Amino acid sequence: MKPIEIYCPWCYKHVALVWIALRYGIGHRGYATEKIEEPIFYNTAKGNWSIGMCPSCKNCVLIKINDKRSSVFPNPLPTPTDERIPEKIRKDIDEAKLCLSVNAFRACAGMCRRALQQACILKSASPKKKLEKQIDELAERRIITNEIKEWAHAIRWVGNDALHPEFPEVAKEEAKEILDLTERFMDIAFAASERVKKLKEKHGKVKK
Ligand SMILES: [Zn+2]
């Protein structure tokens, strides 16, 4: 089985977990542990469990092994957000990721919507307008393409629905999708231009 890579909830580093087995040691208080190549499954009525150790800080996590996606406890930290995205927005996205990691899907969608509005205002959309109009304004001024405009409206719809009790709940898959779209939107709006600037500088294409 492939090692599980996570941001360790104990030391915050990105690591590949090491599989651990429990071995009964005579004259030992409790069990000794041993590193192993393939995970041992401890089976219960609710599934297969295994133990992973962070190779960096040596703390352990409990892993519920599933065919599709294994769950890790305590929850691993979410992946960090691109540093080139302005701090205000990055904080919102980080919070959206934390919400997702504890199954708070509506809160996740709400934070994505908030991040989007911050981005529109930073891209100089009129701050007093509603988000819907701000998105359209950015497209009209060609700051975003029509395609990106559609993404932004999708984030807005789900984010709006999340905050109004009369609208449907936000499902896990939807929350993930919205978070992914929000990060891609921010990448295009902020990080990509930085990357292009670096390339231009490196290849001497910056006009003096
Ligand atoms: Zn660690």
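Preceding this paragraph is the structure being described.
Residues numbered from 1 in each chain as written. Predicted model: local features only at pLDDT ≥ 70, side-chain atom pairs only at ≥ 80, totals over all residues. Heavy atoms only, no water.

### Some words on the coordination of the zinc ion
Going by this rule: Because no water is among the atoms considered, metal sites can look incomplete, with donors defined as N, O and S atoms within 2.8 Å of the metal, or 3.2 Å for Na, K and Ca. Think of it this way: with four donors and all angles in the 85 to 135 degree range, the site is tetrahedral; with four or six donors, opposite ones beyond 155 degrees and the rest between 65 and 115, it is square planar or octahedral; otherwise it is irregular.
Around the zinc ion, the donor atoms from the protein are Cys 8 (SG), Cys 11 (SG), Cys 54 (SG) and Cys 57 (SG), and they sit 2.3 Å away. For the zinc ion, the 4 donor atoms in the first shell make angles of 105 to 113° at the metal, a pattern classed as tetrahedral. Counting residues between consecutive donors of the zinc ion along the chain gives the motif C-x2-C-x42-C-x2-C.

### What about the packing of aromatic side chains?
To be explicit about the condition: Within 6.5 Å between ring centres, the rings of Phe, Tyr and Trp (the latter by its six-membered ring) count as paired, and their orientation is classed by plane angle as stacked under 30 degrees, edge-to-face over 60, tilted in between. Where helices and strands are cited, they refer to DSSP runs of H or I of at least four residues and of E of at least two residues respectively, numbered from the N terminus. In this scheme, a residue with accessible area under 20% of its type's maximum is buried, one over 50% is exposed, and one in between is partly exposed, where area comes from a 1.4 Å probe on protein chains only. Distance and angle both matter: a charge sits over a ring if NZ of Lys or CZ of Arg is within 6 Å of the ring centre and within 35 degrees of the ring normal.
In the structure shown here, the tally under the stated rule is 1 aromatic pair. Here the aromatic rings of Trp 49 and Phe 73 are separated by 6.3 Å at their centres, their planes lie at 40°, and the arrangement is tilted. Note that Trp 49 is positioned in strand S6 (residues 47–53) and Phe 73 in strand S8 (residues 71–73), a separation of 24 residues in sequence. Looking at Phe 73, the relative accessible area reads 39%, which means it is partly exposed. One residue, Lys 123, lies across the ring of Phe 190, its end atom 4.7 Å from the ring centre.

### Remarks on the packing of helix H1 (residues 87–101) against helix H2 (residues 105–122)
Counted only if it meets this: Only C-alpha atoms enter the line fits that serve as axes; for helices the fit covers just the stretch in contact. Angles between N-to-C directions range over 0 to 180 degrees. Here roughly perpendicular refers to angles of 65 to 115 degrees, roughly parallel to angles under 35, roughly antiparallel to angles over 145, and oblique to all remaining angles. The contact definition used throughout considers only heavy atoms, calling two residues in contact when any of these lie within 4.5 Å.
Where H1 contacts H2, the two axes come as close as 8 Å, and the packing angle between them is 170°. One way to sum up the angle between H1 and H2 is to call them roughly antiparallel. Across the interface between the two elements, Lys 88, Ile 89, Asp 92, Ile 93, Glu 95, Ala 96, Cys 99 and Leu 100 of H1 pack against Phe 105, Ala 107, Cys 108, Met 111, Cys 112, Arg 114, Ala 115, Gln 118, Ala 119 and Leu 122 of H2.

### Here's the deal with the pattern of salt bridges
Stated precisely, the cut-off is as follows: Here, a salt bridge means any side-chain nitrogen of Lys or Arg that lies within 4 Å of a carboxyl oxygen of Asp or Glu.
Throughout the structure, instances matching the rule amount to 11 salt bridges. With a shortest N-O distance of 3.0 Å, Lys 129 and Glu 137 are connected by a salt bridge. Classification of Lys 129 by relative accessible area gives partly exposed; the value is 36%. Between Arg 184 and Asp 180 there is a salt bridge; the shortest N-O distance is 2.9 Å.

### Focus: helix H3 (residues 131–140)
Among the 10 residues in H3, 7 count as buried, and that is most of the element. Buried within H3 are the following residues: Leu 131, Gln 134, Ile 135, Asp 136, Glu 137, Leu 138 and Ala 139. Each element contacted by the buried residues of H3 is listed here: H2 and helix H4 (146–163). Within two residues after H3, Arg 142 carries a phi angle of roughly 60°, on the positive side.

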